[in-house]
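Each chain, letter by letter, is given below.
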Amino acid sequence: MATNGVNFTYPDGARRESLLDIVVNIDPTEHQLVSGLQRSTATNTLHEWVEDTLESVGVNAQFEGGAAPTDGASNPSRKQNITQIFAKTAVVSGTEQAVNRVGGDRMAYEVTKKLKALKNDIEYALVRGSIASGVASTSGSGSARQLKGIKGWITTNSTNYSGATLTETVLNDMFESVWTGSGKEVNAVYTSMKGKRRISSFTAGATKNVETTDKRLVNSVDVYQSDAASMVKLFAHRYVTVSGDYTAAATPGFDVIALNEGSWAIAYLAGREPKTTDLAVTGDAVSKEIVTELTLEARGEKANAMGRVFF
């Protein structure tokens, strides 16, 4: 419509909308462990590995010409975890695939989005999973195999602080318990944002030196240094403490897990690494399933510590 001989944009019904051809997803992603832990291979749904220890240290002084000392070694112990199947399905109608839409090919976009969601689910299980043997789908039961997560594995150096304040002394006591019991050092701390901010405020051990080989450290990350742990990366993590963990007013707390990341590994069942499979067409839609199967190896839980119910 022209006004005084001038065509203005406001009443022009033929204007094309200004729509950025990018779909922005604002939901959080959380997969530091999926991205950072070592990889291993499982060959059965019941995955086992062996853990051994050295003899206790003591005075070792032998008689000249004496007999060989008595063997004081203990047998290795066998540890086990269950593989868990993770899957997501993307379904797009034939019409949706055909139309010209924002973000390009809808199925490609959906697969990318489902992969991110799948990694979130794996991360959640790695932190919080409770072991379950499960049953086959044809049994009529709803249970499925579930792996035991990190919080379930850490028992030796696990302490309930019953709402006490997380202090620098307490954090270093956690590190020391790992060093004393295993000879290893903590190199990563996972906690809530509240916990990370608390640790970042400690002035004695704060630094910004990082190893650039760690691909998770795309931006600057807080690294804490102490006598018992020389270079500890601090990760704010959404699944260490979740809503409903602590509901009582006296214990509104958060948890801290202090890890030696080298003592953990993600074991993918052989041939079940993440892959996308086309599903049979049963109607006017295209379907793809993303599936993987894996478990968590705890190669020495004594090399880790957990503090629960901090405030």
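Residue numbering note: each chain is counted from 1, following its sequence as written. Under the rules for a predicted model, residues below a pLDDT of 70 receive no local features and side-chain atom pairs below 80 are neither given nor counted, while totals for whole chains, interfaces and linings still include all residues. For side-chain calculations, the full set of non-hydrogen atoms in the structure is used, while hydrogens and water are omitted.

1. Section: the packing of aromatic side chains
Inference 1: Under the pairing criterion, centres of Phe, Tyr and Trp rings, with the six-membered ring standing for Trp, must be within 6.5 Å; the plane angle then separates stacked pairs below 30 degrees from edge-to-face pairs above 60, leaving the rest tilted. Following the criterion strictly, the structure yields seven aromatic pairs and no others.
Inference 2: When the ring of Trp49 is compared with that of Trp153, the centres are 5.8 Å apart and the planes differ by 50°; the resulting orientation is tilted. Of this pair, Trp49 sits in strand β4 (residues 46-51) while Trp153 sits in helix α4 (residues 150-153), placing them 104 residues apart in sequence. Each of the two residues, Trp49 as well as Trp153, counts as buried.
Inference 3: Consider the rings of Tyr124 and Tyr239, whose centres lie 5.4 Å apart with planes at 70°: the pair is edge-to-face. With Tyr124 in helix α3 (residues 106-128) and Tyr239 in the loop between β11 (232-236) and β12 (254-259), this pair connects stretches of sequence that are 115 residues apart.
Inference 4: Assessed through its relative accessible area of 13%, Tyr239 is described here as buried.
Inference 5: Charge-over-ring placement is defined geometrically: NZ (Lys) or CZ (Arg) within 6 Å of the ring centre, and within 35 degrees of the ring normal. Lys148 extends its terminal NZ or CZ atom over the ring of Trp153, reaching a point 4.1 Å from the ring centre. Only DSSP runs of H or I covering at least 4 residues are called helices, and only runs of E covering at least 2 are called strands; the numbering of each starts at the N terminus. Three exposure classes are used, based on accessible area relative to the maximum for each residue type with a 1.4 Å probe and protein chains only: buried under 20%, partly exposed in between, and exposed over 50%.

2. Things to note about unusual backbone geometry
Peptide bonds are trans in most cases, and residues, glycine excluded, mostly fall at negative phi.
Inference 1: Of note, the phi angle at Ser162 is positive, near 50°, even though the residue is not glycine.
Inference 2: By the element assignment, Ser162 lies in the loop between β7 (158-160) and α5 (168-182).
Inference 3: Despite not being glycine, Val309 has its phi angle at roughly 60°, a positive value.
Inference 4: Residue position: Val309 is located in strand β16 (residues 305-310).

3. Examining the pairing of strand β8 (residues 188-191)
Inference 1: Burial along β8 is two-sided: Ala188 and Tyr190 facing one way and Val189 and Thr191 facing the other are all buried.
Inference 2: Paired strands, as defined in this entry, are two strands with at least two bridges between them according to DSSP. When β8 meets β11, the two strands line up parallel, connected through four bridges. In the sheet register, Thr191 faces β11, and the bridge partner there is Ala236.
Inference 3: Across four bridges, the pairing between β8 and β12 is antiparallel. From the neighbouring strand, Val189 faces β12, where its bridge partner is Ala258.

4. A look at α5
Inference 1: For a helix, the expected span equals 1.5 Å multiplied by the residue count minus one. For α5, which comprises 15 residues, the first-to-last C-alpha distance of 21 Å matches the rise-based estimate of 21 Å (1.5 Å per residue) to within 8%.
Inference 2: Those residues of α5 lying buried are Glu168, Val170, Leu171, Asn172, Met174, Phe175 and Val178.
Inference 3: Of the surrounding elements, those touching the buried residues of α5 are β8, α6 (193-200), β10 (223-224), β11, β12 and β16.
Inference 4: Count one or two residues on from α5 and you reach Gly183, which has phi positive near 80°. Only heavy atoms enter the contact rule, under which two residues are in contact if any of them lie within 4.5 Å.

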